[in-house]
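# Descriptive analysis of the structure
Listed here are the chains, written in short residue letters.
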Amino acid sequence: MLWNAGLSTNELMKIGSRIGCDVPAMVHGGTVLMEGLGEVISPIQAGFGKSGDGPWLVLVNPGFNVSTKDVYSRCKVALTSGRKTFSNLLSALKEGNLDLAAQNLFNGLQETVFRKYPLIETVAEKLAQAGAVGVMLSGS
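Just so it is clear, the structure is predicted and the values come from calculations on it, not from any experiment.

The next subject is the packing of aromatic side chains. Inspection of every chain in the model, using the stated rule, returns 1 aromatic pair. On the basis of an interplanar angle of 25° and a centroid distance of 5.5 Å, the ring pair of Phe64 and Tyr117 is categorised as stacked. Here Tyr117 lies in the loop between helix H6 (110-116) and helix H7 (118-129) and Phe64 lies in the loop between strand S2 (40-43) and helix H3 (68-74), a separation of 53 residues in the sequence.

Inspection of the sheet shows strand S1 (residues 32-35) paired to S2 by 4 bridges, in the antiparallel sense. Residue pairing across strands places Leu33 opposite Ser42, the latter belonging to S2. As consecutive antiparallel partners, S1 and S2 are separated by 4 residues, and within that stretch Gly36 has a phi angle of approximately 65°, a positive value.

Taken as a whole, this structure holds 2 salt bridges when the rule is applied. The partner of Asp70 in a salt bridge is Arg74, and the shortest N-O contact between them spans 2.9 Å. Taken together, the residues span about one helical turn, with Asp70 and Arg74 both in helix H3 at a distance of 4 residues. Since its relative accessible area comes to 41%, Arg74 is described here as partly exposed. In this structure, the salt-bridge partner of Lys116 is Asp70, at a minimum N-O distance of 2.6 Å. Highlighted residues: Lys116 in helix H6 and Asp70 in helix H3, separated in sequence by 46 residues. Given the relative accessible area of 19%, Asp70 is considered buried. Among the charged side chains, a salt-bridge network with shared partners connects Asp70, Arg74 and Lys116.

Buried together is how nonpolar side chains tend to be arranged in soluble globular proteins. Ranked by size, the top nonpolar core spans 9 residues in total: Val71, Cys75, Leu109, Val113, Phe114, Tyr117, Ile120, Ala124 and Leu137. Listed by contribution, the elements that provide at least two residues to this core are H6 and H7. Not counting chain neighbours up to four residues away, the residues in contact with Tyr117 comprise Phe64, Asn65, Val66, Ser67 and Asp70. The next biggest cluster of nonpolar side chains, apart from the first, holds 6 residues, and it includes Leu12, Ala25, Val32 and Ile41.

Relative to the elements of secondary structure, Ile120 occurs in helix H7. The exposure class of Ile120 is buried, given its relative accessible area of 12%. Sequence separation of Ile120 and Leu137 is 17 residues, and the distance between their C-alpha atoms is 8.6 Å. Beyond its immediate chain neighbours, meaning those up to four positions away, Ile120 contacts Pro62, Phe64, Val66, Val113, Phe114 and Leu137.

A distance of 2.6 Å separates a polar atom in the side chain of Asp70 from a polar atom in the side chain of Lys116. The residues contacting Asp70, other than those within four sequence positions of it, are Lys116 and Tyr117.

Looking now at the state of the cysteines. If you walk through the whole model with that rule in mind, you get 0 disulfides. Of all cysteine sulfurs in the structure, the one in Cys21 sits closest to Cys75, which takes part in no disulfide; the separation is 16 Å. Exposure remark for Cys75: the relative accessible area of 12% places this residue in the buried category.

Along the chain, Thr112 falls in helix H6. With residues near it in sequence (within four places) discarded, Thr112 still touches Val71, Arg74 and Cys75.

What counts and how
The residue count restarts for each chain, going from 1 along the sequence in the order it is written. Whole-chain, interface and lining totals are the exception, using all residues; otherwise, since this is a predicted model, local features are given only for residues with pLDDT of at least 70 and side-chain atom pairs are given and counted only at 80 or more. Side-chain descriptors were evaluated using all non-hydrogen atoms of the structure, hydrogens and water having been removed beforehand. Side-chain rings of Phe, Tyr and Trp (the six-membered ring for Trp) are treated as a pair once their centres are within 6.5 Å; stacked means planes under 30 degrees apart, edge-to-face means over 60, and tilted covers the remaining angles. Helix and strand labels come from DSSP, where a helix needs a run of H or I of at least four residues and a strand needs a run of E of at least two; each type is numbered from the N terminus. Pairing between two strands requires that DSSP report at least two bridges joining them. Salt bridges are defined by distance alone: a side-chain nitrogen of Lys or Arg within 4 Å of a carboxyl oxygen of Asp or Glu. The buried label goes to any residue with under 20% of its type's maximum accessible area, the exposed label to any with over 50%, and the partly exposed label to all in between, with areas taken from a 1.4 Å probe on protein chains only. Nonpolar cores are built from buried Ala, Val, Leu, Ile, Met, Phe, Trp, Tyr and Cys residues. Side-chain atoms within 4.5 Å join them into one set. Contacts were defined at the residue level, with two residues in contact if any of their heavy atoms lie within 4.5 Å. Throughout this description, a polar contact denotes any pair of N or O atoms lying within 3.5 Å of each other; where both atoms belong to protein, one of them has to be capable of donating a hydrogen while the other can accept it, and for residues adjacent in sequence the pair is counted only when both atoms sit in side chains. In this description, a disulfide is simply a cysteine sulfur pair whose atoms lie within 2.5 Å.

This is how it looks when you write it as structure tokens:
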């Protein structure tokens, strides 16, 4: 089992949920739909990467903490996308249309974070300039 911790994936996901809402999905692995506060996870059969040659995911840590509480207090826009954006993203993932999936990425906190931490916006711009199909803030 994962990390030879002697725990099932479900047990690790439950523990991970206390660390952050995104952790259970990372423990689960694969392409998933997360609902609620991250506790409801449904696998998605993505239309790409079946032979192990799917898209790469790059995570960048800027080397400093971003206060979720502070970002939420500053955010003045909708935190969720419209139903159409979500449906388009889900369909694109299932069809294996990476470009359409990238066009429908959404994080309502991103602009707020970029305003307070311009370095994070610069990193996102550099990733896009380097050819990343989609660039999105993860979490706050």
